[in-house]
Amino acid sequence: MDLRFKDELALMPDLRHRLRQLRWFRATFRASAREVSATYGLRFEIDETKLTRAFLDWVEIIEAQKRFAQVDRADFIVFAAGLVLRELIRQEPARLVSDLDSLNENAANPEALEIVRFWPEGFLYTNYCVSAIAAIYEQEFGRVPMIDKCADDLRTWWSYRENVTEMPAYAVAFLDRFLGAEPNWIAPDRAQARQAMQRALGASRRSSALPQL
């Protein structure tokens, strides 16, 4: 991953709520594409219609499950970003319009460079979502989540691309894996099925069952 864009996002007040507005979502995604382009020497074309459709589909999905934000807010932030990633992969709003020969071979992160070469659009979508999670965590919790080393492993990205092409919902599971969490491969796009949510719900039930003194 290349989280330089996280610092720009973190400067935006109340980022978690702003990203639920179409104009901020579109503006930040475009800014992320510019950052990736400037760093790696590539150029993307953004289809605003597809980008808007990805946002609106995401809003519809997340609204139906937003009650789980009260169960485990930190985990729900990751889950919500995973659903954004799913919709970006489904709608494909970005298209590489420059030749890979223009790739900046001197980019600071050689592992990320290989991933960008392998799947430029997928890197853009994923890096945007991970940067957003990191910036929101920094604002909300005063810390940035750890990124697992598999996020820079090209072999993992081969599997990632192959699986999400067949089933875009696996994007949620792979994002969890990149952040060091245990993915749910059976129902990755259901908040209630997440391990963190199950633990929080179990703890809540046990607390409710305790006798009142």
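Shown above is the structure to which this text applies.
Small disclaimer: the values here were computed from a predicted structure and weren't measured.

Overview of the packing of helix α6 (residues 110-118) against helix α8 (residues 154-166)
The geometry of α6 relative to α8 is characterised by a closest axis approach of 10 Å and an angle of 30° between their N-to-C directions. Judged by the inter-axis angle, α6 sits roughly parallel to α8. The two elements α6 and α8 cross, and the hand of that crossing is right-handed. On α8, the residues touching E114, I115 and F118 of α6 are L154, W157, W158 and R161. Across the contact of α6 with α8, the residue classes tally to five nonpolar, no polar and two charged.

As for unusual backbone geometry
For D14, which is not glycine, the phi torsion reads 50° and is therefore positive. Among the structural elements, D14 can be located in the loop between α1 (4-10) and α2 (15-18). Taking relative accessible area as the criterion, D14 reaches 42% and is therefore assigned partly exposed. In this structure, E92 takes a positive phi of about 55° despite not being glycine.

Conventions we followed
- Residues numbered from 1 in each chain as written.
- Predicted model: local features only at pLDDT ≥ 70, side-chain atom pairs only at ≥ 80, totals over all residues.
- Heavy atoms only, no water.
- Axes fitted to C-alpha atoms, helices over the stretch in contact; angles between N-to-C directions.
- Helix = DSSP H or I, 4+ residues; strand = E, 2+ residues; numbered from the N terminus.
- Parallel < 35°, antiparallel > 145°, perpendicular 65-115°, else oblique.
- Left-handed = near helix turned anticlockwise from the far one by under 90°.
- Contact = heavy atoms within 4.5 Å.
- Nonpolar A, V, L, I, M, F, W, Y, C, P; charged D, E, K, R; others polar.
- Buried < 20%, exposed > 50% of the residue type's maximum accessible area, 1.4 Å probe, protein only.

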